[in-house]
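Per-entry structural report
Residue strings, one per chain:
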Amino acid sequence: MSRDALVFWGLFAVAVFLCFWGSQKVPLFDTDEPRYAQAAREMMERGDWVVPTFNGQPRYAKPVLFYWLLIGSYKVFGVNEFAARFWSGAAAVFIALVLFFSLKPIFGWETAIVSSLFWLTSLGTLIFAHAAITDMVLTAFMMGSLVALWFGVQKRQAFWFYLASSLCALAVLTKGPVGVTLPVAIFAVAWFLTRPKFHQPSIKHLAIVVFGCIAIFLAIALPWYVAVTVRTQGEFLRHFLFVENVQRYAQSGKLPLWLHAVYFPIVAFALSFPWSSLSIWAFRKLPDLTESQQRWHSLLKVWAILPVLAFTFSRTKNPQYVLLSVPALTTLAAMWLTASGPDERRARISWGATMVVAALLLSLTQPMLNLNPDWRMRLAGLEPVVLGWSIFAMGLVVLAMVTLIALPRRLFLVLSVASMLGLHALALGAFIPRLGYYRQEPLKHFAQTAASQMRSRGLIVVYRRDLSSVVFYSNRRVLRIDDPKRLSKLMRKGSRVDVFLHVKAFSDLQKVSGWHLVEQFGAFVWVSNRKVVCPLHSR
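Calculation notes
- Residues numbered from 1 in each chain as written.
- Predicted model: local features only at pLDDT ≥ 70, side-chain atom pairs only at ≥ 80, totals over all residues.
- Heavy atoms only, no water.
- pLDDT = per-residue confidence, 0-100.
- Helix = DSSP H or I, 4+ residues; strand = E, 2+ residues; numbered from the N terminus.
- Pairing = 2+ DSSP bridges.
- Axes fitted to C-alpha atoms, helices over the stretch in contact; angles between N-to-C directions.
- Phe/Tyr/Trp six-rings, centres within 6.5 Å; stacked < 30°, edge-to-face > 60°.
- Buried < 20%, exposed > 50% of the residue type's maximum accessible area, 1.4 Å probe, protein only.
- Lys NZ or Arg CZ within 6 Å of the ring centre and 35° of its normal.

The subject of this paragraph is the confidence of the model for the chain. Predicted coordinates in areas of low pLDDT are best not read in detail. For the chain, the average pLDDT comes to 91, and 96% of its residues sit at 70 or higher. The lowest-confidence element of the chain is helix α11 (residues 235–250), averaging 80 in pLDDT; the highest-confidence one is helix α3 (residues 65–77), averaging 98.

Okay, structure coming up:
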């Protein structure tokens, strides 16, 4: 086997391990993961490929492609956590391979492999490659379209523009207009700043390419939007475009201006951990770059910055909005490391400071949760939060990484990537499952057990909390109630009614009659208007 083949298959094996292992160990986290997972299941069970629903009601929050992908994984793997998270892991692997194959001809195999490994071991990949939400898939489509556009200009081949149009269309089917506006904006700004010299095509050839791109984009993206508009009589477009896009971005938020300005830069830095402490020094001019490498360097800087700027003044602040910046930031770190970049002394300081802060945060997480009564109550109820040995082991690994920057660059590279692989293994194997045990395992257990006992007339109610995971794990219609008077009236029904609530709301049951305690599990309580028992914990 050649060296290139060995490197590729080694990278692929690491990518599969990091992006898929542990996905089945943790229940889906409220609120978004179960909503996507259940909406896809409801579409599959109805045989409806046009209108997504959740809990029996139309779901207009996102377009349809991600639901189609989930239906495909359900048919292969069954309806479970791994299937729901499969496409996020696949998208993260795709991004790693795109980085490798696009950078290798320009920078060589060392920078290409380092860039891919930095992406795979970043905090953003650890989180979003194992989350059943649209953002990793969206990032893969947008990144692919951006790279294709750049290759189209560099290679002057229409194929790359057609590929970019296809990927933009898929991104628009995944999350809407941002799927085309953001990659095209990044490409346009980077192209304007670099202004590569190329042969001016004829008007006829240019018109053919532009027409072909528009035709491909519309052929892929338009049919479903037309179909859902007809089916919902325009309600989907009104809600999705104006509520989910314009209003969520444009309406003024409650955060102070300074926090708006620093939120997404901090988030992008955190999601690129630990490599962001190096990538910040790659924004300066790097030595000994060829003209083609300099253009890529400019593209990567625009690519890292523009998503942060675009969402800085958005009313809604979700960390995944700047996930597109992460592969650019990790690639900049790889370029700095392999190109013997400047500011080495400052990079050592920033690396060490970042590791110390991260180790401190990890070591203080459990004490801070237990010292704050509200945080402790939310996570563990009346018991203290015990996150186990893994969080302290993670803190020790991060603290040990402080010393690595003093090593020669090649040895630093090997040991830092190995340390991050160990950190990911600890997080996926022990820490995140422990969080899942506190946050979601009780609701999963309640929902599955109650659904298995109930007849068709029975009703599951969630009191004063999100119902998403209960809907998914029971696969039944679930009612949310926030008023104790309404709950009391409902408990007097002739049919069985089971209620799941957090211990913080347990005192409200004093105003409700006719209930019986079935089980308390962690921070959650299960009561019913029937004298039922949990067969698992009643032995």
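The discussion continues.
It is worth spelling out the sheet that holds strand β5 (residues 497–502) at this point. Across the sheet, five strands lie side by side as β4-β3-β5-β7-β6; this open sheet has mixed pairing. A single partner strand is all that each edge strand has here, and the edge strands are β4 (478–481) and β6 (516–521). Strand after strand, the sheet turns through a mean of 25° between neighbouring axes, direction not considered. The pairing of β5 with strand β7 (residues 524–528) spans five bridges and is antiparallel.

On to the packing of aromatic side chains, then. Under the criterion given, the structure shown has 37 aromatic pairs. Taking 5.3 Å as the distance between ring centres and 15° as the angle between the ring planes, the aromatic pair formed by F236 and F240 counts as stacked. With a gap of four residues between them, F236 and F240 both fall in helix α11, about one helical turn apart. With respect to class, F236 is no different from F240; both count as buried. Put simply, the rings of F8, W9, F12, F100 and F101 pair up and form one aromatic cluster. Sitting over the face of the ring of Y36, R59 holds its NZ or CZ atom 4.8 Å from the ring centroid. Just above the ring of F151 sits the side chain of K155; from NZ or CZ to the centre is 5.3 Å.

With an omega dihedral of 5°, the bond running from D30 to T31 counts as a cis peptide bond. For T31, the position within the fold is in the loop between α1 (3–20) and α2 (32–46). In this structure, R156 is a non-glycine residue whose phi angle is positive, near 55°. Tracing the sequence through the fold places R156 in the loop between α7 (135–155) and α8 (158–175). Phi is positive for D288, which is not a glycine, with a value near 60°. D288 gets classed as exposed once you look at its relative accessible area, which sits at 75%.

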